Each structure stands twice: as C-alpha cells, then as structure tokens.
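Observations on chain architecture
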Amino acid sequence: MSKRLFVGGLPWAVDDHALQDHFAGFGEVVSATVIRDRETQRSRGFGFVEFASDAEAAKAVDDLDGTEMEGRQITVSIAKSPGV
DNA sequence: GTTGAGCGTT
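1. Re the protein's contact with DNA strand B
- Gly 9, Leu 10, Trp 12, Arg 42 and Phe 46 are the nearest of the 19 residues found near DNA strand B.
- Near the protein, meaning within 4 Å, the atoms of DNA strand B are sugar or phosphate in a fraction of 14%, with bases accounting for the rest.
- Arg 42 places a polar side-chain atom, nitrogen or oxygen, 2.9 Å from a base oxygen of DNA strand B.
- At 3.0 Å, a backbone N or O of Arg 44 approaches a base nitrogen of DNA strand B.
- Those elements that place two or more of their residues in the surface near DNA strand B are strand 1 (4-8), strand 3 (43-51) and strand 6 (75-78).
- Broken down by element, the residue count for the surface near DNA strand B peaks at four residues, all from strand 3.
- When the residues that make up the surface near DNA strand B are grouped by side-chain class, the tally is nine nonpolar, five polar and five charged.

2. Remarks on helix 2 (residues 54-64)
- Taken as a whole, helix 2 has its buried residues at Ala 57, Ala 60, Val 61 and Leu 64. Taken around the axis of helix 2, the buried residues stretch over an arc of 100°, which confines them to a single face. In helix 2, those exposed residues whose orientation departs by more than 90 degrees from the buried face are Ala 55 and Asp 62.
- Against strand 1, helix 1 (16-23), strand 3 and strand 6 lie the buried residues of helix 2.
- Positioned one or two residues after helix 2, Gly 66 has a phi angle of 85°, which is positive.

3. Here we look at the nonpolar core
- Ranked by internal contacts, the top residues of the largest apolar core, which has 18 residues, are Leu 5, Leu 19, Phe 23, Val 49, Phe 51 and Val 76.
- Here the element with the most residues in this core is helix 2; it accounts for four residues.
- If we skip the residues at most four places from it in the chain, Val 49 touches Lys 3, Arg 4, Leu 5, Val 7, Leu 19, Phe 23, Val 29, Ser 31 and Ala 32.

4. Regarding the sheet that holds strand 3
- A sheet is described by the order of its strands in space; here four strands give the open sequence 2-3-1-6, paired in antiparallel fashion. Where the open sheet ends on each side, the last strands, each with one partner, are strand 2 (29-36) and strand 6. Strand-to-strand twist across the sheet, computed as the mean angle between neighbouring axes with direction ignored, equals 20°.
- Note: strand 1 against strand 3, five bridges, orientation antiparallel. From the neighbouring strand, Val 7 faces strand 3, where its bridge partner is Gly 47.
- Across the sheet, helix 1 touches strand 1, strand 2, strand 3 and strand 6, and the angle it forms with strand 2 is around 140°.
- Against the sheet, helix 2 engages strand 1, strand 3 and strand 6, with an angle of about 150° to strand 6.

Scoring rules and cut-offs
- Residues numbered from 1 in each chain as written.
- Chains lettered and ligands numbered in written order.
- Predicted model: local features only at pLDDT ≥ 70, side-chain atom pairs only at ≥ 80, totals over all residues.
- Heavy atoms only, no water.
- Near = heavy atom within 4 Å.
- Polar contact = N/O pair within 3.5 Å; in protein donor to acceptor, adjacent residues only side chain to side chain.
- Helix = DSSP H or I, 4+ residues; strand = E, 2+ residues; numbered from the N terminus.
- Nonpolar A, V, L, I, M, F, W, Y, C, P; charged D, E, K, R; others polar.
- Buried < 20%, exposed > 50% of the residue type's maximum accessible area, 1.4 Å probe, protein only.
- Arc of directions from axis to C-beta.
- Contact = heavy atoms within 4.5 Å.
- Core = buried A, V, L, I, M, F, W, Y, C linked by side-chain atoms within 4.5 Å.
- Pairing = 2+ DSSP bridges.
- Axes fitted to C-alpha atoms, helices over the stretch in contact; angles between N-to-C directions.

What follows is the structure in structure tokens.
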C-alpha cells in the first residue's frame, strides 16, 4: 500500500505541524515530517506525509499536487520506499 | 539575515 507522500517545493517557514495541518483535511494523517538539515536544522523545503489509507493519500495528491502552499508551488506525489 | 531540485528519520 502506498500511503506515504513526498512533498516538495515547501516554503522555508513550513514545519511538521503546518504540513500535517495542510493535509489533515483530506484524511487521517498518521505522520507528517519536514526534512531539515542535520546540523543547522533549517528546512530543506521538502518532507513526507503518511496517511491512514492509500485512498486518502491518492486524494491528497490529486488535489494538492501543483497547488500553492504559503505562496509557493508544492509537489505532491506518492513517495519512494513504499510502506507496504 | 542566503537557496529552490528532489525522496528522510527512527
């Protein structure tokens, strides 16, 4: 099952909470993580969101991919490394 | 105090 989404193009200001909150309206977000630098801990501008079901994940991809978040266009797609 | 394609961390 592919429930994890790759989210790119995020503004620098976005954090885990903002990411989860943005996807929460499409289904149950199991986890939302913004990848940040190991040393400076600044946002790398992309992250991962895991939904409770693949249907919700697919819905979020269909509705949010190519749209804007906080004024910046974001990329939403099924992530690699499937959760199976 | 910056940057802008891609696929992390336990």
